[in-house]
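Single-letter residue listing:
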Amino acid sequence: MNILTARAMISTGILLLTCLPLSGELGADVVLKRERLAALKQELSPKLKHWSFGTSDIGIWISSRSIQKVLDRLAAKPEENRTAHFQMTSCDCPILESRDLGIRRVDVKRLKMSLVLGRPESTIQTDGWRLKLPFQLKGKMHLKAKTILGKPSVGVDFGTNSAPTAFLEPAEGDGDHFAFHVTTRGDQTIPVTASAGLGQLGQLTLDLPVTLPRGTYQKVHIPKVLHEQGRLAFKIGDANIEKKYTVQTRFDPVAFQPSGLLFTADVKVAWAD
Amino acid sequence: MKKFAIILTIIALVALTWALSGDTENEIERLEWRQLKKQEDRLYKLADFLVRHPDPRKASDLHLFFSRDVINDILAGTKETKVALPKTEGLVLTWKHLEVDFDQYAPSVVAEAQVTKEGSSLQVDAAVRTQLHIHANPGGETAELKIEIHEIVPRARWSIFKLELKWLAGKLLALNHHELATIDLNYEIPLDWQTTLSVDGEKKPLSFEVERGRIHGDLTLPALSQPARWSLRQWFFLPDGLHLFLDLNLEEP
């Protein structure tokens, strides 16, 4: 064996010994790591399921608690910020008419009242959103009475506390809009009692229960599809690139859940050339 | 004996070529292993978080979700744009495909590109390992969105007959992320999203029944205004998309 052959043999051997094991060991490690990751993902998967928004492209979930948080904040506002005022302009009167008593007839001449909102309570049910609205009603009315002894005019203070309930519930919309109705269900009556002294005729006590109109108070329409155009500007290296896009968002009907309101939508993004 | 020496020399040359390409393949496998290790760490962190908070919704006011398809549809807008790679004497990278790999449980972006040498027909396809980088200053109200290119892994198989490809692949592998480009999406993500819930005051006619009559009048409703601030509490890249959990703060300013 001459020196040339010996050199060639040694260099071949060294190269083979150096390179072979490196590649093999690392490859096996990668395979092992992949297997471990697959097992870990499988273990985590069921724990993440209850976050899922299904096949929707975007999802918004607003917790019942945050809605109540807003209402609580509203209840903490100064009284003037949560007070509604009512002033009478006319009355289909009388509010009392009698042939048998000394008081023949009572008409309301003036009426002013204010309604102070308390702490509303929100409850989301699967068929809609229930809102209990406690309030304090206080007011003053001027009555004109027709009695056997004359026509006295008296001022009467009155007040009451009540808590009617309103519902926001889904209704049948059209092709382009979802519809929601703000309604009251069943009979809801606010008891109001006012009493005034009518001199020799004694005390006049009036029960004036206010009946809230049943049915739909307000209709709300929300578009099902929103279109938005925009531009995405980005910089790669030194180049500034700008592309225009159109986004179409098609909402699904809102899901009322005890834990919150769930909105989902499908989105289509189109890039302009 | 001479013949034997020549054969051994040829074997040595082939082994050398194989060794060099093996070295490059080892480098690619190392990158792969490193990527898998990072993913494993993130999965353990998520598993640990889920033990402590099995339902993050319970502690949050708002849960926002953007599916992987929507985010990747937006990233698709970067297709066919070109980047001149720094310090590489005319190498240009053209994006062919860019998407967030949500299976990584991290804002990891998988990108396919083609690298060409200007003024020559030399080109190689490459997998570009990138990271969607969300940078927020402490106490800041927005985060900046950037895609940082970390590694470029050539996909070509080379041989002794394609030494120029080997050269190109070597150039790409030699780049480190400090020298590589950044895609600045010029997009600011609000971490604190402020809004005002407001109701205008109004005067509207109202009539209601009393026992023996009906009263008509005007109802004046107060104007209401409440500042609301949504703050990002937590975000997760999960296989189905990006999940954001926000808190609602209703303190007066």
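The structure presented is a predicted model; accordingly, all values stated were derived computationally and were not measured.

A.B. asks: Whenever I open this one, the overall build of chain B confuses me. Can you help?
C.D. replies: When helices and strands are tallied, chain B shows three helices and twelve strands. Here chain B displays about 13300 Å² of accessible surface, and carbon together with sulfur accounts for 55% of that area.

A.B. asks: What is the right way to look at the pairing of strand β9 (residues 165-171) of chain A in this model?
C.D. replies: Remark: a regular strand shows side chains that alternate across the two faces of the sheet. All names here are of chain A. Across four bridges, the pairing between strand β6 (residues 128-132) and β9 is antiparallel. Along β9, the bridge assignment pairs Arg130 with Phe167. Adjacent in sequence and paired antiparallel, β9 and strand β10 (residues 177-184) are bridged by five residues.

A.B. asks: Explain helix α2 (residues 64-75) of chain A to me, please; I cannot follow it from the model alone.
C.D. replies: The periodicity of an α-helix, 3.6 residues per turn, causes residues three or four positions apart to be oriented the same way. Between its terminal C-alpha atoms α2 of chain A stretches 17 Å, which fits the 16 Å expected from twelve residues at 1.5 Å a residue. Three or more residues of α2 of chain A are buried, namely Ser64, Ser66, Ile67, Gln68, Leu71, Leu74 and Ala75 of chain A.

A.B. asks: Is there a simple way to explain the side chain of Ser67 of chain B in this structure?
C.D. replies: Structurally, Ser67 of chain B can be placed in strand β1 (residues 62-67). Ser67 of chain B sits in the buried class, given a relative accessible area of 5%. Aside from chain neighbours lying at most four places away, what touches Ser67 of chain B is Ser56 and Asp57 of chain A together with Asp240 and Gly241 of chain B.

A.B. asks: I tried to follow the side chain of Thr83 of chain A on my own but got confused; where do I start?
C.D. replies: Relative to the assigned elements, Thr83 of chain A resides in strand β2 (residues 83-92). When near neighbours in sequence (up to four residues on either side) are disregarded, Thr83 of chain A contacts Ser114, Leu115 and Val116 of chain A together with Thr220 and Pro222 of chain B.

So, how was this worked out
- Residues numbered from 1 in each chain as written.
- Chains lettered and ligands numbered in written order.
- Predicted model: local features only at pLDDT ≥ 70, side-chain atom pairs only at ≥ 80, totals over all residues.
- Heavy atoms only, no water.
- Helix = DSSP H or I, 4+ residues; strand = E, 2+ residues; numbered from the N terminus.
- Areas by Shrake-Rupley, 256 points an atom, 1.4 Å probe, with all protein chains shown as cover.
- Pairing = 2+ DSSP bridges.
- Expected span 1.5 Å × (residues − 1).
- Buried < 20%, exposed > 50% of the residue type's maximum accessible area, 1.4 Å probe, protein only.
- Contact = heavy atoms within 4.5 Å.

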